[in-house]
Amino acid sequence: MNLENTMSQITKEFSDETQRQYQFIENLKIWYNKKTQEIGRTLTACVQCFGCQMNARDAEKITGILEQIGYQMVETEEADFVIYNTCTVRENANLKVYGRLGYLNKLKKKNPHMMIALCGCMMQEQTVVDKIKKSYRYVDIIFGTHNIFKLAELMQARLDSKGMIIDIWKDTTEIVEDLPSERKYRFKAGVNIMFGCNNFCSYCIVPYVRGRERSRNPEDIVKEIKQLVADGVVEIMLLGQNVNSYGKNLENPMTFAELLQEIEKIEGLERIRFMTSHPKDLSDSLIEVMKHSKKICTHLHLPVQSGSSRILKIMNRKYTKEQYLDLVDRIKTAMPEISLTTDIIVGFPGETEEDFEETLDVIRKVKYDSAYTFIYSKRTGTPAASMEEQVDDAVVKERFNRLLKEVQTISAELTKKHENTVQKALVEQINEQDASLVTGRLSNNLLVHFKGCEDLIGKIVDVRLNECKGFYYIGEMV
Ligand code: 5AD
Ligand code: SF4
């Protein structure tokens, strides 16, 4: 069965759709109870997430639906329902999924009740779905990034039929609100403010798999955050592929800076984070709002991708090295304490040693607190994939190592600067290595470990940063 949908077919009101999905959940609850009685045990489910923060948030929505049905969530793939929420931004993410599918097949042979579902960005690629249809017949359900809300409906379809259920939408204008969602932490939460991307950076597959930009209504966002706060959340992360272009397609257009001001007013909310910011859309009014905010954290993730204006042009990033550095200057002048992080791609087609030197130059000038460095990965269907001068692997590897060294040296220097200061930390968990310690997150996104107990989790406390350990601290509560 193949339920192909296109944008034009989706005309339902959100609330109708939400109700429809709750009906499927109700039906599945009945099925679940019968099934557990039949086999004499509860059914378990495992959601594995391979991608970014957006994927992690989607995984919470999937978990929310499964928990409503009755599934007991487990960490291991030896479960009755395994869902892989996949990523395709770089090729190694894809390879990982194929590798793991073989293992799932073995598990399924041992457990006749087992179902396997694949969803997320990778499933938005036709070639991937074709390959799974052909070589991985034991997969039960495949769905994409636009129709996660339909999980219960798709499960029902699978139970009613014998074959693989495939439901991939090419794009959508629909945003379905108010479905169940499970949160990984009780004190912090990710909140989607927009979906999709319109930028088409020439190396990037995201616009093809996540569709066009769609912003949620500010009222829905504020309502969700208020509910989260009432539920004990003190820190939120606003999520979008390009948060700085939030609100452009709303019926009543609104800027991201304006949205932040609305969110700032929410009583009980202590910290606001957001990602990701595209430099080309970062406005002066956003800098002003950040500067005067009492809640927005002192951290900005500002992907540069390359320091070479020539490469940036081919990447379709729509800024030059000079414009980026000027933006960083304005940000730092307004907020000297800001911690900047970035994404960098090494080995984009045609990147020369001179281009790479420009990237190193930007790193030295900006002084990032940390940088996510990626080796360019060819993504079929993107303009960069057909560019001729792909850089030799050995050259890329050598540049990557140089870049990493530079980034780490600067990052260690910057981290050291905060040593012996007292800062607020949101306690997130008991330390994984030493149970007498807790781990807290500073406003600038760095971690500090200090003596404390479970009662502190979810609280914001003052901590002296006694010792810098490279990219984290050992501290004490004051
Ligand atoms: N190859 C390598 N890195 C990529 N990114 C996106 N597409 C690619 C690609 N094809 C990186 C960018 C982006 C981050 C999320 O992933 O740096 O900011
Ligand atoms: Fe990809 Fe560029 Fe969109 Fe980011 S802004 S998701 S890098 S196309």
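Look up: the structure comes first, before these words.
**As for the overall build of the chain**
A count of helices and strands for the chain gives 13 helices and 19 strands. Radius of gyration (C-alpha) of the chain: 23 Å, near the 23 Å computed for a compact globule of 478 residues. When the backbone C-alpha atoms are referred to their principal axes, the chain occupies close to 65 × 55 × 50 Å. Taken across its 478 residues, the chain has 57% of its residues classed as buried. In the structure as shown, the chain presents an accessible area of about 21,700 Å², 50% of it carried by carbon and sulfur atoms.

**Examining the nonpolar core**
Of all hydrophobic cores here, the largest spans 72 residues; its most connected members are Ile 225, Ile 236, Leu 238, Phe 256 and Ile 263. Look past the residues within four positions of Ile 225 in its chain and what remains in contact with it is Val 191, Ile 236, Leu 238, Ile 263, Ile 266 and Leu 269.

**A short note on unusual backbone geometry**
Met 275 connects to Thr 276 through a cis peptide bond whose omega is 5 degrees. In this structure, Thr 276 sits in the loop between β11 (271-275) and α9 (284-292). For Asn 420, which is not glycine, the phi dihedral falls at a positive 70 degrees. Note that Asn 420 resides in the loop between α13 (393-417) and β15 (422-430). Even without being a glycine, Asn 445 presents a positive backbone phi close to 85 degrees. For Asn 445, the location among the structural elements is in the loop between β16 (437-442) and β17 (447-451). Accessibility expressed as a relative area gives 25% for Asn 445, which makes it partly exposed.

**A word on the side chain of Gln 305**
Structurally, the position occupied by Gln 305 is in the loop between β12 (299-301) and α10 (309-314). For Gln 305, a relative accessible area of 7% puts it in the buried group. Only 3.3 Å separates the side chain of Gln 305 from the side chain of Tyr 203, close enough to count as a polar contact.

**Section: the layout of surface pockets**
Taken as a whole, the second largest pocket encloses approximately 730 Å³ of empty space. Together, 30 residues line the second largest pocket, and Arg 57, Lys 61, Val 176, Asp 178 and Leu 179 are the ones closest to its centre. Where the lining of the second largest pocket is concerned, the elements lending two or more residues are α2 (53-69) and α7 (218-230). Taken together, the residues of the lining of the second largest pocket sort by class into nine nonpolar, seven polar and 14 charged.

**A closer look at α7**
The terminal C-alpha atoms of α7 lie 18 Å apart, and with 13 residues this matches the ideal 18 Å at 1.5 Å per residue to within 8%. Looking at the buried side of α7, the elements it contacts are α2, β7 (188-192), β10 (235-239) and α8 (256-264). At the C-terminal side of α7, Gly 232 shows a positive phi close to 110 degrees.

**Re the site of ligand 2**
Surrounding ligand 2, one finds Cys 197, Asn 199, Phe 200, Cys 201, Tyr 203, Cys 204, Val 206, Pro 207, Gln 241, His 278 and Arg 317. Of the residues belonging to the shell around ligand 2, the class tally is seven nonpolar, three polar and one charged.

**Examining the sheet that holds β10**
For sheets, the rule is that strands pair by backbone hydrogen bonds, running either parallel or antiparallel. Ordered by their spatial adjacency, three strands build an open sheet running β7-β10-β11, and the pairing between neighbours is parallel. Two strands lie at the open edges of the sheet, namely β7 and β11, each paired on one side alone. Between one strand and the next, the sheet's axes are offset by a mean angle of 25 degrees, whatever the strand orientation. Sitting on the sheet, α7 is in contact with β7 and β10, with an inclination near 170 degrees to β7.

**A short note on the packing of aromatic side chains**
The way to describe two aromatic rings as a pair is by their centre distance and the angle between their planes. All chains considered together, the criterion is met by 13 aromatic pairs. Ring geometry for Tyr 185 against Phe 187: centres 5.5 Å apart, planes inclined by 55 degrees, an arrangement best described as tilted. Since its relative accessible area comes to 25%, Tyr 185 is described here as partly exposed. The interplanar angle of 75 degrees and the centroid separation of 6.2 Å between the aromatic rings of Phe 471 and Tyr 472 together place this pair among those described as edge-to-face. These aromatic residues form a ring-pair network of at least three members: Tyr 32, Tyr 71 and Phe 81.

**Brief notes about the site of ligand 1**
Surrounding ligand 1, one finds Val 89, Arg 90, Tyr 203, Gln 305, Asp 343, Ile 345, Phe 374, Ile 375, Tyr 376, Ser 377 and Arg 379. A distance of 2.8 Å separates an oxygen atom of ligand 1 from a polar side-chain atom of Arg 90. At 3.0 Å from a nitrogen atom of ligand 1 is found a main-chain nitrogen or oxygen belonging to Tyr 203. Summarising the interface, the protein chains cover 85% of the accessible area of ligand 1, which totals 400 Å² for the free molecule. Listing elements by their share of the shell around ligand 1, those giving two or more residues are β13 (339-346) and β14 (370-375). A class-by-class count of the residues in the shell around ligand 1 yields six nonpolar, two polar and three charged.

Calculation criteria
- Residues numbered from 1 in each chain as written.
- Chains lettered and ligands numbered in written order.
- Predicted model: local features only at pLDDT ≥ 70, side-chain atom pairs only at ≥ 80, totals over all residues.
- Heavy atoms only, no water.
- Helix = DSSP H or I, 4+ residues; strand = E, 2+ residues; numbered from the N terminus.
- Rg over C-alpha atoms; globule rule 2.2 N^0.38 Å.
- Buried < 20%, exposed > 50% of the residue type's maximum accessible area, 1.4 Å probe, protein only.
- Areas by Shrake-Rupley, 256 points an atom, 1.4 Å probe, with all protein chains shown as cover.
- Core = buried A, V, L, I, M, F, W, Y, C linked by side-chain atoms within 4.5 Å.
- Contact = heavy atoms within 4.5 Å.
- Polar contact = N/O pair within 3.5 Å; in protein donor to acceptor, adjacent residues only side chain to side chain.
- 1 Å grid on protein atoms, 1.4 Å probe; cavity = no way out; pocket = protein on both sides within 12 Å on 5 of 7 lines; lining within 4 Å.
- Points joined across faces, edges and corners; volume = space filled by probe spheres on them.
- Nonpolar A, V, L, I, M, F, W, Y, C, P; charged D, E, K, R; others polar.
- Expected span 1.5 Å × (residues − 1).
- Near = heavy atom within 4 Å.
- Pairing = 2+ DSSP bridges.
- Axes fitted to C-alpha atoms, helices over the stretch in contact; angles between N-to-C directions.
- Phe/Tyr/Trp six-rings, centres within 6.5 Å; stacked < 30°, edge-to-face > 60°.

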